[in-house]
Amino acid sequence: MSVSLVVVTTVLGAIVGLLTPRVTWRLSVEYGEPPRSACENCNHKSDSWVRVRVACPGCGRRLGPRPWLTTAAGALTLGALGWAFGPDPVLPGYLAVGAIGVLLAFVDLAVLRLPDPLVAAAAVLGGGVLLLVSLLDWSFAPLLRALLGAAVLFGVYLVIALIPGANLGFGDVKLSAVLGLMLGWLGWPALVFGLLAPHLLNGPVALFLLFTGKAGRGTDLPLGPALLAGALVAVVVARHGLPLFG
Ligand SMILES: [Zn+2]
């Protein structure tokens, strides 16, 4: 295990997390609307994407999610990926998907949306690195499995999304294809684990919210954060060879 690499990716994740509230706030709009550029409270204009301070200069209200939460999520996500992969040439692809994933999770929590441009960026950056590594190694079996993984998760979630009353949007379907790509590269057990883990994670959270009265039966819970967290757990488990994965 490469300790210095874990430190580097954790710090990188913390920086991503520090910058996440501003971008999350700007992207937390309804479908088809332009990015937010004015405070909802005092209408103070604020159209920078890169900003660490979250308080509105006009009224002091916090714009976007809590910075400690996004920083912890970023550090944990990229740190875990650095720990899972070590100095593997595919690490940059997973870090890119992880960083975008942190942002996607907070946008989904805010407005129950997974913006297409972010999901597409994750697909291009993650898939691009996998393609590059395949070309450099001139070995295409993992890439083929990654593409099949993307197709499988896309298919499974598409079927679920088409079931009437399913609490699952097409944003989730598209995201699951990207996660299927990244998990498929690691092997079929990782893919299966990544398919099941989100529901193992989301079930207890939903029950907790129901019992604490924070959510009712009709409340829409975002699935994106669970899909992303489940994929992260699947990656770590797959790379660290629990008994299940031999
Ligand atoms: Zn304000």
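For the structure itself, look to the data block above.
Residues numbered from 1 in each chain as written. Predicted model: local features only at pLDDT ≥ 70, side-chain atom pairs only at ≥ 80, totals over all residues. Heavy atoms only, no water.

### Looking at the side chain of Ser-28
Point 1. Mapped onto the elements, Ser-28 comes out in the loop between helix H1 (3-27) and helix H2 (67-85).
Point 2. The exposure class of Ser-28 is buried, given its relative accessible area of 6%. (Helix = DSSP H or I, 4+ residues; strand = E, 2+ residues; numbered from the N terminus. Buried < 20%, exposed > 50% of the residue type's maximum accessible area, 1.4 Å probe, protein only.)

### Concerning the packing of aromatic side chains
Point 1. Under the counting rule described, the total for this entry stands at 2 aromatic pairs.
Point 2. On the basis of an interplanar angle of 85° and a centroid distance of 5.1 Å, the ring pair of Trp-138 and Phe-140 is categorised as edge-to-face.
Point 3. Among the residues examined, Trp-138 registers a relative accessible area of 63% and is labelled exposed.
Point 4. The aromatic ring of Trp-49 is capped on one face by Arg-26, whose charged end is 4.3 Å from the ring centroid. (Phe/Tyr/Trp six-rings, centres within 6.5 Å; stacked < 30°, edge-to-face > 60°. Lys NZ or Arg CZ within 6 Å of the ring centre and 35° of its normal.)

### Observations concerning the packing of helix H5 (residues 141-162) against helix H7 (residues 188-211)
Point 1. Orientation of H5 relative to H7, taken along the N-to-C sense of each, is 30°, at an axis distance of 10 Å. In terms of orientation, H5 lies roughly parallel with respect to H7. Crossing angle aside, the handedness with which H5 passes H7 is right-handed. Contacts between H5 and H7 pair Arg-145, Leu-148, Gly-149, Val-152, Leu-153, Val-156 and Tyr-157 from the former with Trp-188, Leu-191, Leu-195, Pro-198 and His-199 from the latter. (Axes fitted to C-alpha atoms, helices over the stretch in contact; angles between N-to-C directions. Parallel < 35°, antiparallel > 145°, perpendicular 65-115°, else oblique. Left-handed = near helix turned anticlockwise from the far one by under 90°. Contact = heavy atoms within 4.5 Å.)

### Brief notes about the coordination of the zinc ion
Point 1. The zinc ion binds to the protein through Cys-39 (SG), Cys-42 (SG), Cys-56 (SG) and Cys-59 (SG); the donor distances cover 2.3 Å.
Point 2. The site at the zinc ion holds 4 donor atoms, and with the angles between them running 103 to 113°, its shape is tetrahedral.
Point 3. Classification of Cys-59 as partly exposed rests on a relative accessible area of 34%. (Donors = N, O, S within 2.8 Å, 3.2 Å for Na, K, Ca; no water. Tetrahedral: all angles 85-135°; square planar, octahedral: opposite > 155°, others 65-115°.)

### Brief notes about helix H4 (residues 116-137)
Point 1. Here H4 is 22 residues long and its end C-alpha atoms lie 31 Å apart, about the 32 Å a rise of 1.5 Å per residue gives.
Point 2. For H4, the full list of buried residues reads Leu-118, Val-119, Ala-122, Gly-126, Gly-127, Val-129, Leu-130, Val-133 and Ser-134. Projected down its long axis, H4 shows its buried positions confined to an angular sector of 150°, all on one face. Counted as exposed and oriented over 90 degrees from the buried face of H4: Pro-117, Val-124, Leu-132 and Leu-136.
Point 3. Residues of H4 that are buried sit in contact with H1, helix H3 (91-111), H5 and helix H6 (170-184).
Point 4. Phi turns positive one or two residues past the end of H4, at Trp-138, with a value near 45°. (Expected span 1.5 Å × (residues − 1). Arc of directions from axis to C-beta.)

### Details of the environment of Tyr-94
Point 1. Among the secondary structure elements, Tyr-94 is positioned in helix H3.
Point 2. Each C-alpha atom of the pair Tyr-94 and Leu-78 lies 8.5 Å from the other, and the pair is 16 residues apart in sequence.
Point 3. Dropping the residues within four chain positions of it, Tyr-94 is found in contact with Leu-81, Phe-85, Leu-130, Met-182, Trp-185, Leu-186 and Val-235.

### Quick notes on the environment of Leu-91
Point 1. Mapped onto the elements, Leu-91 comes out in helix H3.
Point 2. Note on Leu-91: relative accessible area 5%, which makes it buried.
Point 3. Along the chain, Leu-91 and Asn-43 lie 48 residues apart, while their C-alpha atoms are 41 Å from each other.
Point 4. Beyond its immediate sequence surroundings of up to four residues, Leu-91 is in contact with Leu-5, Thr-9, Leu-81, Gly-82, Phe-85 and Gly-86.

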